[in-house]
Amino acid sequence: MFKTEYAKRVYAELEKKNAGEKEFLQAAKEIVESIEGYIAKNPKMEQQKILERFLEPERFVQFKVVWVDDKGEFQVNRGFRVQYNSAIGPYKGGLRLHPSVNASIIKFLGLEQVLKNSLTTLPMGGGKGGSDFDPKGKSDNEIMRFCQSFMTELYRHIGPDTDVPAGDIGVGGREIGFLFGQYKRIRDEFTGVLTGKGLTYGGSLARTQATGYGLCYYAQEALKALKNTSFAGKTVVISGSGNVAIYANEKATSLGGKVVAMSDSNGYIYDKNGINLDVVKQIKEVERGRIKEYVERVKGAEYHEGCRGIWSIKCDIAMPCATQNELNLEEAKTLVKNGCIAVCEGANMPTELEAAKYLIENKIIFTPAKASNAGGVATSGLEMSQNSLRLSWSFEEVDQRLHDIMVNIFNASYKEAKEYGSNDFDLLTGANIAGFKKVAEAMLAQGI
Ligand code: NDP
């Protein structure tokens, strides 16, 4: 519930204008609720309509993507790019390929990205894009033809100093390669227009690992500051088995945790001895298979149909790393009843707002996505820096910078949580305010 008339009025207007856009309104509501305390202290914000201006994307592009499948049939998909806010730098944010993609999802992700990018302290505005194209079961040639068609429209909206897309669900190294190749062909330019590139053509070491590793670096700081503990000896459950989940598993394990469960959209695996990550990488990264194949290769492991059952497994630390709204209030209560002390978000908005509030009220560590999964975009920012310098840093150097950025993001969000939060565990409010302050100040400075 909103406490100020200004927030109430702005949100009511937003609801009216964006009726039916569930994910977008959910993200906007969470942000407005948590920053209204800060806004109330700064009368200029209301005078200059900063909240209304912040919530409205600068540009939203929707386009048609036509491609030909392997059978020679024509296929039509819908492409999107939202250029949300450029107050502190060029638009920056990933591309998602998933059948669920629509305007609401792209706008929610774009809005979150504005604050996330601000938190990294790097000069990046916020954007997001994607398509309702389903990459599952497609051949490499079909993926290539889709990516080429998608870029044939997108190229006119992006550029290394304008808007720099990256990967997200369904977009990894293979897709970025095809997108980059098509951009280069059309523009006749070799620039850092995309991040997440391969190492032979301008990619950064440690970008693949960055979101998962960064999540664990942030979680490590939160565990230390709020519960005086660490990953050592903790049982960890991670949903998803994509890029974020795999590298969260790798880092959590190296910090002393034992990851016992992972999932995909069909079901989850449970391995009480600790998941063998090499087997998961082989299935998901090399063979592009399904997580249930794990139990055919590792003795004693179990597979359960239905991905949501994963939250009923007893654990100390839960890391939702698959998709939005994958953890609800009932599931959060089950986790807490089973002794869970931390829920660390790797995916974007995986926890429903009521569940997040419940965790914070009960002094369970809750690390909000826009802070704890910012390591991916932070390292994309480092990739942009390396491209501009025409230099490549070593894995260790990038990883060290990533670590320092995640520690800084934790400190910034913890500081604001202590000043504005409902309690010291309210990193959700803390992260929103820390990210918003910088963007709002830049907007005020630049006029309308
Ligand atoms: P991937 O495509 O590599 O993996 C996604 C994983 O989530 C897969 O295991 C997938 O299962 C599962 N999944 C996807 N959609 C659903 C769904 N509707 N229900 C259940 N499970 C689902 O994506 P990433 O690992 O890159 O991204 C995961 C999350 O992290 C997303 O929210 C993304 O926005 C966020 N993120 C990613 C960053 C990055 O650097 N990659 C940076 C910051 C945030 P299946 O194979 O069955 O579809």
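These numbers were taken from a predicted model, which means no experiment stands behind them. (Residues numbered from 1 in each chain as written. Predicted model: local features only at pLDDT ≥ 70, side-chain atom pairs only at ≥ 80, totals over all residues. Heavy atoms only, no water.)

Around the ligand sit 25 residues in total, of which Asp168, Thr211, Ser265, Arg290 and Asn348 are the nearest. Taking Ser241, its main chain carries an N or O atom lying 2.9 Å from an oxygen atom of the ligand. The contact in question runs from an oxygen atom of the ligand to an N or O atom on the side chain of Asn348, over 2.8 Å. Protein contact buries 85% of the 890 Å² of open area that the ligand shows by itself. Among the elements of the structure, α8 (207-227) and α9 (243-254) are those that each provide at least two residues to the shell around the ligand. In terms of residue class, the shell around the ligand is made up of five nonpolar, 13 polar and seven charged. (Near = heavy atom within 4 Å. Polar contact = N/O pair within 3.5 Å; in protein donor to acceptor, adjacent residues only side chain to side chain. Areas by Shrake-Rupley, 256 points an atom, 1.4 Å probe, with all protein chains shown as cover. Helix = DSSP H or I, 4+ residues; strand = E, 2+ residues; numbered from the N terminus. Nonpolar A, V, L, I, M, F, W, Y, C, P; charged D, E, K, R; others polar.)

What follows is about the environment of Ala442. As for its position among the elements, Ala442 is in helix α17 (residues 427-446). Taking the C-alpha atoms as reference points, Ala442 and Ala87, separated by 355 residues in sequence, lie 5.7 Å from one another. Discounting chain neighbours no more than four positions away, the residues touching Ala442 are Ala87 and Ile88. (Contact = heavy atoms within 4.5 Å.)

The next thing to look at is the packing of helix α16 (residues 395-420) against α17. Following both chains from N to C, one finds α16 and α17 inclined at 110°, their axes separated by 7 Å at the closest point. Judged by the angle between their axes, α16 and α17 are roughly perpendicular. Packed against α16, whose contacting residues are Phe410, Ala412, Ser413, Tyr414, Glu416, Ala417 and Tyr420, the element α17 presents Leu427, Thr429, Gly430, Ala431, Ile433, Ala434 and Lys437 at the interface. By residue class, the composition of the contact of α16 with α17 is nine nonpolar, three polar and two charged. (Axes fitted to C-alpha atoms, helices over the stretch in contact; angles between N-to-C directions. Parallel < 35°, antiparallel > 145°, perpendicular 65-115°, else oblique.)

Read these as geometric descriptors, not functional statements.
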